[in-house]
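# Architecture at a glance
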Amino acid sequence: MKFNLPKIWKDFLENEDKKEYMLSLRCRLNGDLKKGKIIYPKMDNIFKAFELISPNNVKVIILGQDPYHGFNQANGLCFSVSSGFDVPPSLRNIYKEIKNDLGVNNKKSGDLTPWAKQGVLLLNTTLTVEEKKPGSHFDLGWELFTDKVISDLSKKNRRVFILWGSKAAKKANLIDSSKNLILMSPHPSPLSAYRGFFGCNHFSRCNHYLKQNSKKEINWIIK
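We now turn to the structure provided with this report. Just so you know, these numbers come straight off a predicted model, no measurement behind them. (Residues numbered from 1 in each chain as written. Predicted model: local features only at pLDDT ≥ 70, side-chain atom pairs only at ≥ 80, totals over all residues. Heavy atoms only, no water.)

## Brief notes about the state of the cysteines
Condition: Our working definition of a disulfide is a cysteine sulfur pair at a distance within 2.5 Å.
All told, the structure shown has zero disulfides when counted by the stated rule. Cysteine Cys 200 remains unbridged, with the sulfur of Cys 206 as its closest cysteine sulfur at 11 Å.

Laid out in structure tokens, this is it:
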């Protein structure tokens with residue numbers, strides 16, 4: 001298995017992918033694959049979120065937990081699913097909040113690639129998961145890597161960090177709130193969306209901040 005983190009991100013992160021914990025993580029994943037374990041997303045898509053956007057073009061960071069663990073759902077972008085799959089419950093709630101907030105409908109596709117191409121880094125704190133075992137790759141080292149991503153992006157001014165759920169909220173201490181906007185709410189999952197995710201207005205608040213800072217707003221419509 002190859003770790004195909006784009007060079008521009010390797011340079012930005014000062015070759016974080018070459019550190020011992022990342023080499024150990026790669027060996028662990030290779031070992032699991034040789035044992036016949038099924039890992040999501042597909043190996044070619046582990047760093048998909050980084051392939052679609054360069055560090056300097058990141059305007060918004062949405063932080064998820066770990067990838068979907070069902071058959072081929074995960075495509076390397078948090079909350080996103082591969083084309084042709086039904087929109088999962090959490091993403092349906094995200095679409096519902098977008099409708100409530102902005103008055104637009106997102107129904108057909110759950111592939112969030114169009115957001116990424118506009119400057120939204122759709123980042124899971126853990127970039128892989130074993131099939132049918134949610135949370136199975138926590139504490140393998142991914143969090144060290146994604147913490148580095150969050151921290152280094154925070155050093156750049158005027159970015160929006162969207163943190164949904166308690167796990168994401170714990171990352172707020174990595175972000176310089178004097179230079180960036182941090183938006184937090186409960187997770188959009190069916191278990192917690194009604195505890196404050198609905199009505200958070202994060203999408204309009206995000207765009208208002210971008211506009212205030214002379215950046216192009218995000219078109220949140222997925223066709």
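## Side note on the sheet that holds strand 5 (residues 160-164)
For clarity, the threshold we go by: A pair of strands is treated as paired once DSSP finds two or more bridges between them. Per the convention used, a helix needs a DSSP run of H or I reaching at least four residues, while a strand needs a run of E reaching at least two, with both numbered from the N terminus. In this analysis, axes come from line fits to C-alpha atoms, helices being fitted only over the stretch in contact, and the angle between any two N-to-C directions falls in the range 0 to 180 degrees. Residue contacts are defined here by distance: any two heavy atoms, one from each residue, within 4.5 Å place the two residues in contact.
One open sheet accounts for four strands, arranged 3-2-5-6; its pairing is parallel. Each having just a single partner strand, strand 3 (120-124) and strand 6 (181-185) make up the two edges of the open sheet. Within this sheet the neighbouring strands show an average axis-to-axis angle of 15°, counted without direction. Summarising the sheet, strand 5 and strand 6 pair through five bridges and their orientation is parallel. The partner of Leu 163 across the bridge, within strand 6, is Met 184. Relative to strand 6, helix 8 (residues 202-212) is tilted by about 175°, and along the sheet it contacts strand 2 (60-64), strand 5 and strand 6.

## Considering the environment of Tyr 68
This is how it is decided: The buried label goes to any residue with under 20% of its type's maximum accessible area, the exposed label to any with over 50%, and the partly exposed label to all in between, with areas taken from a 1.4 Å probe on protein chains only. Contacts described as polar in this section are N or O atom pairs within 3.5 Å, which, within protein, must combine one atom able to donate a hydrogen with one able to accept it, while residues neighboring in sequence count only if both atoms come from side chains.
As for its position among the elements, Tyr 68 is in the loop between strand 2 and helix 4 (89-102). On the basis of relative accessibility, which here comes to 18%, the residue Tyr 68 falls in the buried class. On a C-alpha basis, the gap between Tyr 68 and Ser 83 in space is 14 Å, while along the polypeptide they are 15 residues apart. At a separation of 2.9 Å, a polar atom in the side chain of Tyr 68 contacts the main-chain carbonyl oxygen of Phe 79.

## Re the packing of helix 2 (residues 20-34) against helix 6 (residues 142-154)
Relative orientation and spacing of two packed helices are given, respectively, by the angle between their axes and the distance between those axes. What counts, and what does not: Working definition: roughly parallel below 35 degrees, roughly antiparallel above 145 degrees, roughly perpendicular at 65 to 115 degrees, and oblique for all remaining angles. Each crossing is labelled by how the near helix is turned from the far one, with a counterclockwise turn of less than a right angle marking it left-handed and a clockwise turn marking it right-handed. In this classification, Asp, Glu, Lys and Arg are treated as charged, Ala, Val, Leu, Ile, Met, Phe, Trp, Tyr, Cys and Pro as nonpolar, and every other residue, Gly included, as polar.
Viewed as axis vectors pointing N to C, helix 2 and helix 6 meet at an angle of 135°, and their least axial separation amounts to 9 Å. The orientation of helix 2 relative to helix 6 falls into the category oblique. Of the two elements, helix 2 crosses helix 6, and the hand of that crossing is left-handed. Residues Tyr 21, Met 22, Leu 25 and Leu 29 of helix 2 pack against Trp 142, Leu 144 and Phe 145 of helix 6. Considering only residue class, the contact of helix 2 with helix 6 consists of seven nonpolar, no polar and no charged.

## Some remarks on helix 8
So the rule is basically this: Summarising the geometry, the arc corresponds to the directions from the helix axis toward the C-beta atoms.
Among the residues of helix 8, His 202, Phe 203, Cys 206, Asn 207, Tyr 209 and Leu 210 are the ones counted as buried. For helix 8, the buried positions fall inside an angular range of 160° around the axis, keeping them on one side. For helix 8, exposure combined with an orientation more than 90 degrees from the buried face picks out Lys 211 and Gln 212. Where helix 8 terminates, the next one or two residues include Ser 214, which has phi positive at roughly 60°.

## Digging into the pattern of salt bridges
Worth spelling out the cut-off: For this analysis, a salt bridge means a side-chain nitrogen from Lys or Arg found within 4 Å of a carboxyl oxygen belonging to Asp or Glu.
Scanning all chains against the criterion turns up 11 salt bridges. One salt bridge in this structure joins Glu 16 and Lys 19, with 3.1 Å as the shortest N-O distance. A relative accessible area of 5% means that Glu 16 is categorised as buried. Salt bridges linked by common partners bring Glu 14, Lys 148, Asp 152 and Lys 155 together as one network.

## Things to note about the nonpolar core
Rules: To qualify as a nonpolar core, a set must consist of buried Ala, Val, Leu, Ile, Met, Phe, Trp, Tyr and Cys residues joined through side-chain atoms within 4.5 Å.
Grouped together as the largest cluster of nonpolar side chains are 66 residues, with contacts concentrated most on Trp 9, Phe 50, Ile 62, Trp 115, Leu 121 and Phe 145. Those residues in contact with Ile 62 that sit more than four places away from it in its chain are Cys 78, Phe 79, Trp 115, Val 120, Leu 121, Leu 122, Leu 123, Ile 162, Trp 164 and Trp 220.

## Topic: the packing of helix 4 against helix 8
Relative to each other, helix 4 and helix 8 sit at 60°, their axes nearing to 8 Å. Taken together, helix 4 and helix 8 sit at an angle that is classed as oblique. Facing helix 4, whose interface residues are Ile 94, Glu 97, Ile 98, Asp 101 and Leu 102, helix 8 presents His 202, Phe 203 and Ser 204. In the contact of helix 4 with helix 8, the residues fall into four nonpolar, two polar and two charged.

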